[in-house]
Amino acid sequence: MLNCKQASELASRAMDEKLPIWSRLALKIHTLICRNCRVFMHQLRFLREASHRFAIGYDLELSLEAKQRIANELEKR
Amino acid sequence: MNIGSDKLDPHTWLDEHGNYLYSYALLRVKNQHIAEDLVQETLLAAIAAKNSFSNKSSLRTWLIGILKHKLVDHFRRQERNVTFKDLTDEDDNFLDSFFAKDHHWREKLNVFENPESAFQQQEFWKVFQQCLSRLKPRQAAVFLAKEIDGMNNQDICKRYSINSTNQWVLMHRARLSLIKCLKINWID
């Protein structure tokens, strides 16, 4: 029987790869009876979605000075 | 579509891709000046190697590829100065703040209500970025590679010279930390 620490490790791993069948089953059984671990899996999916949106929307601007400086360097080549 | 025009005119690269490269770099090095230097190095290297750009990938993907190499070089230089603690003793007590002695959760967990509304708020993304920047360097590196860059597991292990178990441990810890940080700092 898995404890929550182990279940959380498997749940995280399951986000990145397909778990071996026995781990998958063990996790499934654990989450049937454990509310906290079910919530954790929700949180993992939330985190993934947030990360992906962050990756798309993260948008900063070079300062004008930096841009000018880089442009000057490029000009020299 | 003629994408060849891009290739012929590196003068537009700074205007068209500079901010993107800068954002990408700053998220990883957390220092404005270093990020600016990396953008410059990347563009210089790209101009020098422009003949090797093939239209198979987009110009931006190609530039990011060069920037990634520059980042790896940067971290290598840095690692000579900063010694990361060995993975296992990085923080032995880390998991104790989440799990009790019997290995069950210390606290009742709660889902994030209304993800969509969170994603639409500036404040959420500010908190998200702060939480990312508080991760330990190795956790951050592996987490960003996986979730932001979309690298596959094999490449991540190769790039950071770790095995799959190391990767599971780092991802698990990064996720626990981020979720906890978001829960504390973001009121949904």
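Structure first, text after, so check above.
Residues numbered from 1 in each chain as written. Chains lettered and ligands numbered in written order. Predicted model: local features only at pLDDT ≥ 70, side-chain atom pairs only at ≥ 80, totals over all residues.

A. Quick peek at the interface of chain A and chain B. Counting residues at the interface gives 36 residues for chain A, matched by 37 residues for chain B. Of all elements in the fold, only helix H1 (4-16), helix H3 (35-57) and helix H4 (64-76) of chain A reach the threshold of two or more residues within the side of chain A that touches chain B. By residue number, the principal contributor to the side of chain A that touches chain B is H3 of chain A, which donates 15 residues. Residues that form the side of chain A that touches chain B fall into these classes: 16 nonpolar, 7 polar and 13 charged. (Contact = placed C-beta atoms within 7 Å. Helix = DSSP H or I, 4+ residues; strand = E, 2+ residues; numbered from the N terminus. Nonpolar A, V, L, I, M, F, W, Y, C, P; charged D, E, K, R; others polar.)

B. Structural view of helix H7 (residues 137-148) of chain B. Its 12 residues give H7 of chain B an end-to-end C-alpha distance of 15 Å, which sits within 8% of 16 Å, the value for a rise of 1.5 Å per residue. Every buried residue belonging to H7 of chain B is among Gln139, Ala140, Ala141, Val142, Phe143, Ala145, Lys146 and Glu147 of chain B, and all of these are buried. As for H7 of chain B, its buried residues are in contact with H1 and H3 of chain A together with helix H6 (122-133), helix H8 (153-160) and helix H9 (164-185) of chain B. Of the residues one or two after H7 of chain B, Gly150 of chain B is the one with positive phi, at around 70°. (Expected span 1.5 Å × (residues − 1). Buried ≥ 20, exposed ≤ 12 C-beta atoms within 10 Å, placed from the backbone.)

C. Broad picture of the environment of Leu170 of chain B. Residues and elements named next belong to chain B. Residue placement: Leu170 occurs in helix H9. For the pair Leu170 and Ala140, spaced 30 residues apart in the sequence, the C-alpha separation amounts to 8.6 Å. Setting aside residues no more than four positions away along its own chain, Leu170 makes contact with Arg138, Gln139 and Val142.

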